[in-house]
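Residue strings, one per chain:
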Amino acid sequence: MRIGIIGLGNMGGRIARRLLAAGEPVLGYDLSAEAVARSGAMPARSVATLVAEADVVMLSLPDSRAVEAVVDGDDGLLGHCRAPQIVVDLGTSSPASTVRIHGDLARRGVQYVDAGISGGAKAAEQGTLTIMAGGSPEALERVKPVLAHFAARVYHMGGSGTGHTAKLLNNYLNGVSLAATAEVMIAARKAGLDLPTLLDAINHGSGVNFATLERFPSIVRGDYLEGGLTVDLMAKDILLYLELVRELQLTSLTGAGTLGCFSLAAALGYGDQISNRVVDALGDLAGGLRVNE
């Protein structure tokens, strides 16, 4: 199948390179010509030309607003798609928006799979991402050979919107563990503990989580693992989770504090930097502490 990717940033570019390394021809479109060049994909002049030539169209975009602009725009996907194309949304989007787009594309005979990816930049480069997918099981089966080039696990969560719902739940837990671990690391630094030793103890204890296992062993050495989800995007994902909770008529008792951590980091100038920098924002409040000094 001919593959087109719209959005070749941190994740889309890495996915394009994985596909190219596997021998798949990839057509790419991004507002940044530099991003297209870095990805190695064959550049498309527009969304319309990419859609005209691709059998599978993958979207790797920051939010629902960007997805809706690509789908609904005058030169967009909806006006140029055709049966039996499949559109795969790899981002973190509003489930309500996803369901609406699914219906609009279905009327054109086009399948829409919401396929939230998790694992970060390192997993994208290694081809070990996890995918939580919603939509037709038949459509998912058709694109699984493509997904297998960059994902080690693919879970079918149910109908349209369930993949993005699962991704929001996952990202919220990611945000909670990152914010909480950042706070603990600043406290440990202030208390004079040796942070690598503390992390080793936590990772063999009950406080272990993704941030303690995969993030902070590098961060305390000065490597912030650049290239992953930014502070602004993390805050966006937490807001989407809180909207979902409200729609479900539930209450989040931990949401305000988690959102506050990343909103603070954005306000202190870390918005366009990797979300791991939230630890520096908390360090700023503590008088300029850094966990890697």
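Up top you'll find the structure we're talking about.
Residues numbered from 1 in each chain as written. Predicted model: local features only at pLDDT ≥ 70, side-chain atom pairs only at ≥ 80, totals over all residues. Heavy atoms only, no water.

## With respect to the nonpolar core
Okay, so step 1: Counting residues in each nonpolar core, the largest one holds 34 residues, and the members touching the most others are Met185, Phe216, Phe262, Val278, Val279 and Val291.
Okay, so step 2: Contributions of two or more residues to this core are made by α8 (162-191), α9 (195-202), α10 (210-219), α11 (231-247), α12 (255-270) and α13 (278-285).
Okay, so step 3: Per-element tally for this core: the top contributor is α8, with 7 residues.
Okay, so step 4: Beyond its immediate chain neighbours, meaning those up to four positions away, valine 279 contacts Ala182, Ile186, Phe216, Ile219, Tyr224 and Val291. (Core = buried A, V, L, I, M, F, W, Y, C linked by side-chain atoms within 4.5 Å. Buried < 20%, exposed > 50% of the residue type's maximum accessible area, 1.4 Å probe, protein only. Helix = DSSP H or I, 4+ residues; strand = E, 2+ residues; numbered from the N terminus. Contact = heavy atoms within 4.5 Å.)

## Overview of the pattern of salt bridges
Okay, so step 1: A full pass over the atoms with the stated rule returns 12 salt bridges.
Okay, so step 2: With its nearest N and O atoms 2.9 Å apart, the salt bridge here joins arginine 100 to aspartate 72. In this pair, arginine 100 sits in helix α5 (residues 95-106) while aspartate 72 sits in helix α4 (residues 64-72), placing the two residues 28 residues apart along the sequence.
Okay, so step 3: For aspartate 72, a relative accessible area of 37% translates into the label partly exposed.
Okay, so step 4: The shortest N-O distance in the salt bridge between aspartate 280 and arginine 277 comes to 3.1 Å.
Okay, so step 5: Given the relative accessible area of 3%, aspartate 280 is considered buried.
Okay, so step 6: In this structure, a network of salt bridges that share partners links the residues Glu226, Arg277, Asp280, Asp284 and Arg290. (Salt bridge = Lys/Arg side-chain N within 4 Å of Asp/Glu carboxyl O.)

## Some thoughts on the packing of α8 against α12
Okay, so step 1: At their nearest, the axes of α8 and α12 sit 10 Å apart, and the two run at 70 degrees to each other. On the basis of their axis angle, the class for α8 and α12 is roughly perpendicular. In this structure, α8 meets α12 at a crossing whose hand is left-handed. Of α12, the residues touching α8 (which contributes Tyr172, Gly175, Val176, Leu178 and Ala179) are Gly255, Thr258, Cys261 and Phe262.
Okay, so step 2: Residue classes in the contact of α8 with α12 are distributed as 6 nonpolar, 3 polar and no charged. (Axes fitted to C-alpha atoms, helices over the stretch in contact; angles between N-to-C directions. Parallel < 35°, antiparallel > 145°, perpendicular 65-115°, else oblique. Left-handed = near helix turned anticlockwise from the far one by under 90°. Nonpolar A, V, L, I, M, F, W, Y, C, P; charged D, E, K, R; others polar.)

In short, geometric facts, not functional conclusions.
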